[in-house]
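# Descriptive structure summary
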Amino acid sequence: MEQEPAEVTWLRALWTDIKGNVKYGLLVLLLSAAWTGLLALTKGLKLWQQLGLTVIFVAPLVWAILATVQRSRGRTSELQPKGESLRQRLFALSRQIKDYVKSYGDEPQDIWRSNMSQTEFVWENKPKYDRLGKMSHGFYLHFYNKVLMIYHECGEHGSTEDELWKLLGKQEYEGDQDFFRIAELLARLAAKVEE
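As the structure is a computational prediction, the values presented were derived from the model and not from experiment.

## Considerations on the overall build of the protein chain
The helix and strand inventory of the protein chain stands at seven helices and zero strands. Relative to the 2.2 N^0.38 estimate, which gives 16 Å for 195 residues, the radius of gyration of the protein chain is 27 Å and therefore markedly larger than a compact globule would have. Taken over 195 residues, the protein chain has a buried fraction of 24%. Pairs at least 24 apart in sequence give 65% of the contacts found in the protein chain among residues at least 6 apart. Here the protein chain contributes 25 positively and 25 negatively charged side chains, and the mean placements of these two sets differ by 10 Å.

Written out as structure tokens, the structure is:
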């Protein structure tokens, strides 16, 4: 895989550093524009009309802010099912990954003969690598984000596993052993987590 130029890396890092300030600046700009518009609309109106118009504009804004805050509080409860501890969820995810890998059957061995050309080797071992490709895609689809989220949840509680982090950063998995190792490391992480 080609590495991105240093300028692009620098721009990404800069954006990561300032994006909160940019969002804040946009929010202040939008609120200032809304306030200016409200003042322009209410100019020349009686006090009770100004208050009524202000309530009409401010009430939906307050409602949206309250709904956003309430929704963001609910996110943690969606990620963490009631009644299941972090340790239980780690063990369950570990079991699910092992069962998923086992559902593909035994990993085929490489077929190799000393007189094989590279093309023959690739052709003879195509079923093995097709199986690995399907398994990898399935892992990314069904488990990768779950493993990543639960890993960070453990980190938030002070427990991490460097080898698991390195495995999650791999571009390509080499075989069943990588997936089984992820499952083992999740179980090891569960043992570290305090209830």
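## Some points on the layout of surface pockets
Here the second largest pocket defines a volume of roughly 160 Å³. Along the walls of the second largest pocket sit Leu31, Ala34, Trp35, Leu38, Phe57, Val58 and Leu61, which together make up its complete lining. Listed by contribution, the elements that provide at least two residues to the lining of the second largest pocket are helix H1 (6-42) and helix H2 (47-79). A per-element tally of the lining of the second largest pocket places H1 first, with four residues. For the lining of the second largest pocket, the residue count by class is seven nonpolar, no polar and no charged.

## Structural notes on helix H5 (residues 126-156)
Relative to the 45 Å expected for 31 residues at 1.5 Å per residue, H5 spans 42 Å between its end C-alpha atoms, a close match to the ideal helical length. Directly after H5, the chain includes Gly158, whose backbone phi takes a positive value near 95°.

## A few points about the packing of aromatic side chains
Applying the stated criterion across every chain yields a total of 11 aromatic pairs. Considering the side-chain rings of Phe139 and Tyr173, the 5.6 Å spacing of their centres and the 80° angle between planes classify their relative orientation as edge-to-face. Residue Phe139 is located in helix H5, and its partner Tyr173 is located in the loop between helix H6 (162-168) and helix H7 (176-192); the two are separated by 34 residues in the primary sequence. Of the two residues examined, Phe139 and Tyr173, each falls in the buried class. Plain terms: the ring middles of Phe139 and Phe179 are 5.2 Å apart, the flat faces sit at 50° to each other, and that makes the pair tilted.

## Concerning the pattern of salt bridges
Applying the stated rule across the entire model yields 10 salt bridges. Salt-bridge contacts for Arg89 lead to Glu153; the nearest nitrogen and oxygen are separated by 2.6 Å. In this pair, Arg89 is assigned in helix H3 (residues 86-102) and Glu153 in helix H5, connecting sequence segments 64 residues apart. A single burial state applies to Arg89 and to Glu153, both of which are buried. In this structure, Glu184 engages Arg181 in a salt bridge whose closest nitrogen and oxygen atoms are separated by 2.9 Å. One end of the pair, Glu184, and the other, Arg181, are both in helix H7, three residues apart, so they sit about a helical turn from each other. Exposure remark for Glu184: the relative accessible area of 41% places this residue in the partly exposed category. Exposure remark for Arg181: the relative accessible area of 23% places this residue in the partly exposed category. Via salt bridges that share partners, Glu161, Arg188 and Lys192 belong to a single interconnected network.

Conventions adopted
Residues numbered from 1 in each chain as written. Predicted model: local features only at pLDDT ≥ 70, side-chain atom pairs only at ≥ 80, totals over all residues. Heavy atoms only, no water. Helix = DSSP H or I, 4+ residues; strand = E, 2+ residues; numbered from the N terminus. Rg over C-alpha atoms; globule rule 2.2 N^0.38 Å. Buried < 20%, exposed > 50% of the residue type's maximum accessible area, 1.4 Å probe, protein only. Contact = heavy atoms within 4.5 Å. Lys, Arg positive; Asp, Glu negative; His and termini not counted. Charge placed at Lys NZ, Arg CZ, Asp CG, Glu CD. 1 Å grid on protein atoms, 1.4 Å probe; cavity = no way out; pocket = protein on both sides within 12 Å on 5 of 7 lines; lining within 4 Å. Points joined across faces, edges and corners; volume = space filled by probe spheres on them. Nonpolar A, V, L, I, M, F, W, Y, C, P; charged D, E, K, R; others polar. Expected span 1.5 Å × (residues − 1). Phe/Tyr/Trp six-rings, centres within 6.5 Å; stacked < 30°, edge-to-face > 60°. Salt bridge = Lys/Arg side-chain N within 4 Å of Asp/Glu carboxyl O.

These figures capture arrangement, not role.
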